[in-house]
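Single-letter residue listing:
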Amino acid sequence: MIEVKPFYDAATFTLTFLVYDSSSKDAVVIDPVMDYDPQGSVISHEQSDAITEFVKNKNLSLHYILETHAHADHLSSSQVLKKRFPKALVVIHEKIKEVQKVFKGVFNFEETFPTDGSQFDRLLKDNESFKAGSIVIKVLHTPGHTPACASFLIEDHLFTGDALFMPDYGTGRCDFPSGSSDNLFESIQKIYQLPDSTKVYVGHDYQPNGRALEFQSTIGEEKRSNIQLNENTKKEDFIQFRNRRDNTLKAPRLLLPSIQVNINAGHLPKPEANGKAYLKIPLNVS
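Below or above, wherever it landed, is the structure these notes cover. (Residues numbered from 1 in each chain as written. Predicted model: local features only at pLDDT ≥ 70, side-chain atom pairs only at ≥ 80, totals over all residues. Heavy atoms only, no water.)

1. Observations concerning the nonpolar core
Of all hydrophobic cores here, the largest spans 31 residues; its most connected members are Leu18, Leu60, Leu62, Ile96, Val99, Ile259 and Ile263. Among the secondary structure elements, those contributing two or more residues to this core are β2 (14-21), β3 (26-30), α1 (46-57), β6 (61-66), β8 (89-93), α3 (96-106) and α7 (255-262). Here Ile96 is in contact with Ala70, Gly117, Phe120, Leu123 and Ala148, once residues within four sequence places are set aside. Grouped together as the second largest cluster of nonpolar side chains are 20 residues, Phe17, Val28, Val139 and Phe152 included. (Core = buried A, V, L, I, M, F, W, Y, C linked by side-chain atoms within 4.5 Å. Buried < 20%, exposed > 50% of the residue type's maximum accessible area, 1.4 Å probe, protein only. Helix = DSSP H or I, 4+ residues; strand = E, 2+ residues; numbered from the N terminus. Contact = heavy atoms within 4.5 Å.)

2. Points about the packing of aromatic side chains
Under the defined criterion, the tally for this structure stands at 15 aromatic pairs. Seen in terms of ring centroids, Phe165 and Tyr169 are 5.8 Å apart; in terms of plane orientation they differ by 65°. Their pairing is edge-to-face. With relative accessibility at 4%, the residue Phe165 sits in the buried group. For Tyr169, a relative accessible area of 23% corresponds to the partly exposed category. An aromatic cluster is built from Phe13, Phe165, Tyr169 and Tyr206, whose rings are joined through pairwise contacts. When the ring centre of Phe7 is taken as reference, the NZ or CZ atom of Lys5 above it lies at 5.6 Å. One Lys or Arg, Arg122, reaches over the ring of Phe130 and ends 4.8 Å from the middle of that ring. (Phe/Tyr/Trp six-rings, centres within 6.5 Å; stacked < 30°, edge-to-face > 60°. Lys NZ or Arg CZ within 6 Å of the ring centre and 35° of its normal.)

Right, here's the structure in full:
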């Protein structure tokens, strides 16, 4: 029987999901978060520790660490978990190569920085299915927020990352490099083809109007009442709305540190001669 255990990071409004088979003990983690305080550039591991404790207490076998995309609002703890569970593979959609090429230039990385996705253990293709022991995972390429976004379907559980949020919040933004509101509209139409009873697990919850945390809806609920893109929303209206709204949004607080770590499969920069590692922050001088 498939079980879903959520872990919520209030600092970044991010949901990490541990999906496991309670009979076989097979498991995967989706979108793990590294605790990062930008004020002192301090890294800690409260989120990873909580996941680790749960996995060990349940005696689970962790097969994969799934990334729905290269996140722009939190650092991935994929390599922390991989070090603790060495058999687990870090995977992402193959379009990560496009994202790497864009941001290699933004951060002026060395020529040797790979843009072939080789930092990840496996690159996934649209509509492929693969197994984590007894767990079957289907990949749905759902670009728009980024070119490499994927949603993961496990039985009747769909993990949408930043494509689709709770009905009272809407959808992901599309203003990052190579993002596209046109593509996101089509991606969500693809999602809406699934049965109405399919459970939807969202990658973030910003708790609009101060409501309590929510992270799970259904395809039927989204189609009926998603405030930005429901089953009656016209494509041109969504594109106009999404583009206009995105023009008013500030960059995510952890955009610059997050992207350079996440396109590198969660690997932190290598330490320099003094033993310390450094993140690069490009200056935008007006």
